[in-house]
Amino acid sequence: MNGRTTRRSARLLGSSLLLAATLLATTAAANPRMLVDVNTLKVIEHEDAFQRWYPASLTKLMTAYTVFRAIKAGEVTLESTVTMTKNAAAEPPSKMYYKPGQKMTLDSALKIILVKSANDVAVAIGESVGGSEQGFVARMNAEAARIGMSSSHFINPHGLPGKGQYTTARDLAVLAVTLKREFPQYASYFALEGFTTGKKQYPNFNMLIGRFDGADGMKTGFICASGFNQVSSATRNGRSVVSVVLGSDSLGARADISAGMLEKGLTMRPGSVPTLGQLRPYGETRDIVADVSEDICSKHAAKVRSEGRDEAGRQKLVSPYIHELNRPLKLVYAGLMGGDTAKPAGNDQVAVGDTGGLTNVPIPIPRPTTF
């Protein structure tokens, strides 16, 4: 190789590295979102809708959908037993800290993963319904492909990050709309204000439920790599809309953005806009899975979020569409068969205590998850 060829190769390598760095920077700055009318499937609003993103606990929407399909097929019922295994119990937080061998109904397990985002219970569901965790994950991916989630892949039932785990705002909108249209009988699972095990009470991370007029679901998720994510739905005056917000920098931000989008969807009439099926893929970095860890879990970001809470630990919200919840939470029971004996460990944020009538409940703080 002569000197000229060497210099040319070096320039090409440098250009390639610069392009890769630019693409990654652009990807990290993305803030994917989508707003869809459930009845007409019209896409009212979208931004970076095809950008691949770590789904975090939004994965549990896919877990729930796969379970509902198994119920529909007659394989299980809501009263079927979910058994905690050694494999499931070993999952990192957020979790319920149940011991291997302890059992719960599928009904309780669904409530726990959709409110508490318990990773140990999500794996126990997968093993109980799919025969094994990987068997269940294979079913998740098959169901995702069947309903048209064309840029999603799952490697576990809970959403902790890893190679091969990704989705998009567009695909999450497809999933949310499908859940609402195909399984309306299970809508209440996504609208729970919280649950009690009889000993502890767990409020929902979704700050819109009970606080935004018409809010009726669905799920939140957080890891450092993806930021604060939320899939929301609301129904008012016969209209039903779904919003997806990915990569927000705090609990409050994702709630404020979601509320604004839902209000827009419920009050405006979309004109000539594409439907979910008509929207074509776009975005130069869409095939790169974004990682916003440095922006979300830095010391500076943590300081900014702490300043966004009041003296009682409640997240400060700025949206005019979110009001105070000045009444006790409406809690349902979810726990082990025969009573709950598990105790929280470490600083895994769990409940608000056995205080009876609860008002203005502090929202639990998600624990950072890193690779």
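A few points on the structure.

**Observations concerning the state of the cysteines**
Here is step 1 of the chain: Counting across every chain of the model gives 1 disulfide.
Here is step 2 of the chain: Across the disulfide, Cys224 is cross-linked to Cys297 (sulfur-sulfur distance 2.0 Å). In this structure, the disulfide formed by Cys224 and Cys297 twists by about -90° around the S-S bond and is classed as left-handed. With Cys224 in the loop between β7 (215-223) and β8 (227-236) and Cys297 in the loop between α9 (293-296) and α10 (299-307), this pair connects stretches of sequence that are 73 residues apart.
Here is step 3 of the chain: Since its relative accessible area comes to 1%, Cys224 is described here as buried.

**A closer look at the side chain of Thr105**
Here is step 1 of the chain: Mapped onto the elements, Thr105 comes out in strand β4 (residues 103-105).
Here is step 2 of the chain: For Thr105, the side chain forms a polar contact with the main-chain nitrogen of Ser108, separated by 3.1 Å.

**Thoughts on the pairing of β7**
Here is step 1 of the chain: Of all 9 residues making up β7, 8 are buried, and the element is well covered by its neighbours.
Here is step 2 of the chain: Pairing geometry for β7 and β8, over 8 bridges, is antiparallel. Within the sheet, the bridge partner assigned to Ile223 lies in β8 and is Gly227.
Here is step 3 of the chain: Counted between consecutive antiparallel strands, the loop separating β7 from β8 contains 3 residues.

**Let's talk about the sheet that holds strand β9 (residues 239-248)**
Here is step 1 of the chain: Taken in spatial order, the 5 strands make up an open sheet running β2-β1-β9-β8-β7, and their pairing is antiparallel. In this open sheet, the two edge strands, each paired with only one partner strand, are β2 (43-47) and β7. Between one strand and the next, the sheet's axes are offset by a mean angle of 5°, whatever the strand orientation.
Here is step 2 of the chain: Along the sheet face, helix α8 (residues 251-267) touches β1 (33-37), β2, β7, β8 and β9 and points at about 150° away from the line of β9.

What counts as what
- Residues numbered from 1 in each chain as written.
- Predicted model: local features only at pLDDT ≥ 70, side-chain atom pairs only at ≥ 80, totals over all residues.
- Heavy atoms only, no water.
- Disulfide = S-S within 2.5 Å.
- Helix = DSSP H or I, 4+ residues; strand = E, 2+ residues; numbered from the N terminus.
- Buried < 20%, exposed > 50% of the residue type's maximum accessible area, 1.4 Å probe, protein only.
- Polar contact = N/O pair within 3.5 Å; in protein donor to acceptor, adjacent residues only side chain to side chain.
- Pairing = 2+ DSSP bridges.
- Axes fitted to C-alpha atoms, helices over the stretch in contact; angles between N-to-C directions.
- Contact = heavy atoms within 4.5 Å.

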